[in-house]
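Secondary and tertiary structure notes
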Amino acid sequence: MQQDWCNGRIGSMGLSYAAHTQLAAACLNPPGLTTMVLDSGGFANAYPVAAAHADRCGARQGGAFELKQATWAYKQAALSPLAKANPQIAAALAAENIFDWFACMPWQPQHSPLRHHPEYEAYLLQQWRSGTFGEYWQQLGIYAEGWYAQLPDIPVMFLSSWYDAYVPSTLANFRAFCAAGRQAPQRLIMGPWLHGDRIITHSGNAEFGAQAALDGAIAPDWLTCRLDWFSRHLCAETPEQDGRREVSVFIMGDGSGKRDDAGRLQHGGQWHHAQDWPLPGSRREQWYLQADMGLRPQAATAAAYILQSDPHHPVPTIGGSITSGLPVFAGGAFDQREAPEFFGSAGNNLPLSARADVLVFQSEPLTEDLCVAGDVRVRLCIDSDAPDTDFTAKLVDVYPPNEDYPQGYAMNITDGIIRCRYRNSWTQPELLQPGEVVEVVIEPFATCNLFKKGHRLRLDIAGSNFPHFDCNPNSGEAEGEARGKRTATSHILVGGIHASVLELEVLPAGVLKG
């Protein structure tokens, strides 16, 4: 600010890591910071501390470790100055087969594909093995929630997307800058894309239509969008302080369900504009897991279902809100089948629902549209013979059969996970006792999707989602150090005093049309 070309007012912008660093700086309330554009990033909390909202994402979810950290570290090691300066290190890294290494987890010090670059290996293994919410996870830069009270009251534009890894952070940060007493205007934009792909109208194998791109729908283009923001909030001599909130979210759905010329499902969608998040007019609905494997708003009769989880044969990741997983795994929306392109799948194209280690609860065909717009929460009553195990929950939009998809199409919308040792506390893990019935809460990322009339609402419950998350060895061993892997046999209880329930934030049809 000592330069003659600077008037003392600073604006910042950037994508992903550059969004993380912006928010870290803002937590220190530096003089001169006047406005920011946080694009697909900004750690609210890289560890899964959940309070009223699921404000966690980045490195761990529900206690489980996100293995995108492994693919990211491997790629960064190969691109590092050390590798560029030392051809032998570069050649050693290039010779590693990352797919084979993913089949040999967990990794150990000096016995991983990162051993050629010890700094990146140490970085990854420290995160992997730091299971509890301790000092490591409370550092400035990955824990903005700890500094929310110090944030400057400045205008911020937030941009992210439903299949990005930073949905919870984006929404948590938006709420923080909109907190009571703050007067600066805020802007939130949530599209249907993958990480940073704001001009691409498909995600995975789902096409959302030409209107899904930011360009032409929200602004002429992303550059113009940012320039207009900075013109209003950085260049103007009198900053706006009207407390205005502008929210634009893309509500996925309403498409034909046919296959387009590129071979993708036409899922469609539309932009919805509001003044706040959660969207005004939304309400909470409960859908109970039923004794007949149904999913209905009515309470259920009591039943119990066996669910086994074998860490030697985990349920494969088929899309989701994933960043930096390539080349091993990818994010987005896909038909939930074990297609050959997915790591760890059987490659037989059978539905995931055919697996014995996946429990599927689904509604009857909907008699009217159902717009899920906001938080998703799954409460499961369980018992297990393992001292620790994981439960995953995946919300699925099930299309009825048509001529392009004669077997229908089961499209993943959002998913989450809980490691049972953290069911009561993120700082004091508590192992399960055999036969003890406990409640675990899974908080998939918030989403916006229109489940059309005739579709089914589906909830898939399993014990793993690999390689999105590391596999729980079910043995109670320390994080990232498992040697004694075993199969966990658990029960999912439904109905009676042990009701298991799917909680959804729903936008009534009248509000949506308005």
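Note that the structure is a prediction, hence the values are computed from the model and not measured. (Residues numbered from 1 in each chain as written. Predicted model: local features only at pLDDT ≥ 70, side-chain atom pairs only at ≥ 80, totals over all residues. Heavy atoms only, no water.)

**Brief notes about the sheet that holds strand S10 (residues 265-266)**
With mixed pairing, three strands are arranged side by side in an open sheet as S7-S8-S10. Edge positions in the open sheet fall to strand S7 (202-203) and S10, since each of these has one partner strand only. Relative to strand S8 (residues 206-207), S7 is paired through two bridges, and the arrangement is antiparallel. Paired with serine 203 across the two strands is alanine 206, which belongs to S8. (Pairing = 2+ DSSP bridges. Helix = DSSP H or I, 4+ residues; strand = E, 2+ residues; numbered from the N terminus.)

**Regarding the packing of aromatic side chains**
According to the stated counting rule, one finds 25 aromatic pairs in the structure shown. With a centroid separation of 5.9 Å and an interplanar angle of 85 degrees, the aromatic rings of tyrosine 305 and phenylalanine 361 are classed as edge-to-face. Taken together, the positions of tyrosine 305 in strand S14 (residues 303-309) and phenylalanine 361 in strand S15 (residues 358-362) put the pair 56 residues apart, joining distant regions of the chain. The rings of Phe65, Phe99, Trp101, Phe102, Trp107, Trp128, Phe329, Phe343 and Phe466 are connected pair by pair, giving a single aromatic cluster. Its end group placed over the ring of phenylalanine 177, arginine 182 keeps NZ or CZ at 5.8 Å from the ring centre. For the cation-ring pair, arginine 259 lies above tyrosine 405, with the distance from its terminal atom to the ring centre recorded as 4.4 Å. (Phe/Tyr/Trp six-rings, centres within 6.5 Å; stacked < 30°, edge-to-face > 60°. Lys NZ or Arg CZ within 6 Å of the ring centre and 35° of its normal.)

**Overview of the environment of glycine 243**
Residue position: glycine 243 is located in the loop between helix H8 (222-235) and strand S9 (245-252). Put simply, glycine 243 and alanine 184 are 59 residues apart on the chain and 5.1 Å apart in space, counted from C-alpha to C-alpha. Other than its neighbours up to four places away in sequence, glycine 243 contacts Gln183, Ala184 and Pro185. (Contact = heavy atoms within 4.5 Å.)

**A short note on the pairing of S15**
The buried count for S15 comes to four of five residues, which makes it a mostly enclosed element. In terms of strand pairing, S15 meets strand S21 (residues 456-462) through five bridges, oriented antiparallel. Across the sheet, phenylalanine 361 pairs through a bridge with leucine 459, a residue of S21. (Buried < 20%, exposed > 50% of the residue type's maximum accessible area, 1.4 Å probe, protein only.)

**Quick notes on the side chain of arginine 187**
Looking at the secondary structure, you find arginine 187 in strand S6 (residues 186-191). A distance of 3.0 Å separates a polar atom in the side chain of arginine 187 from a polar atom in the side chain of serine 248. For arginine 187, the contacting residues outside a window of four places in its chain are Val156, Met157, Phe158, Phe174, Ile218, Trp229, Glu246, Val247 and Ser248. (Polar contact = N/O pair within 3.5 Å; in protein donor to acceptor, adjacent residues only side chain to side chain.)

**What about the pattern of salt bridges?**
The tally for this structure, following the rule as stated, stands at 24 salt bridges. In this structure, aspartate 39 engages arginine 198 in a salt bridge whose closest nitrogen and oxygen atoms are separated by 2.3 Å. Of this pair, aspartate 39 sits in strand S2 (residues 33-39) while arginine 198 is found in the loop between S6 and S7, placing the two residues 159 residues apart along the sequence. Like arginine 198, aspartate 39 is buried. Among the salt bridges present, the one from arginine 283 reaches glutamate 285, with a minimum N-O distance of 3.4 Å. Judged by relative accessible area, which is 43%, arginine 283 ranks as partly exposed. Judged by relative accessible area, which is 18%, glutamate 285 ranks as buried. One salt-bridge network, held together by shared partners, links Arg60, Asp390, Arg419, Asp470 and Glu479. (Salt bridge = Lys/Arg side-chain N within 4 Å of Asp/Glu carboxyl O.)

**With respect to the confidence of the model for the protein chain**
Residues at a pLDDT of 70 or more form 97% of the protein chain, whose mean pLDDT is 94. Low pLDDT (under 50) marks residues 50-55, which in the prediction has 14 contacts with non-local residues, meaning those over four places away or in another chain. (pLDDT = per-residue confidence, 0-100.)

**Side note on the layout of surface pockets**
What the largest pocket holds in volume is close to 780 Å³. Lining the largest pocket are 34 residues, and of these Tyr17, His20, Gln69, Trp72 and Tyr166 sit closest to its centre. At the level of elements, helix H1 (17-26), helix H2 (68-79) and helix H6 (118-129) are the ones that each hand at least two residues to the lining of the largest pocket. Class assignment for the residues of the lining of the largest pocket results in 18 nonpolar, 13 polar and three charged. Of the pockets and cavities examined, the second largest pocket occupies roughly 460 Å³. Taken together, 23 residues make up the lining of the second largest pocket; nearest its centre are Trp287, Leu366, Glu368, Asp369 and Leu370. (1 Å grid on protein atoms, 1.4 Å probe; cavity = no way out; pocket = protein on both sides within 12 Å on 5 of 7 lines; lining within 4 Å. Points joined across faces, edges and corners; volume = space filled by probe spheres on them. Nonpolar A, V, L, I, M, F, W, Y, C, P; charged D, E, K, R; others polar.)

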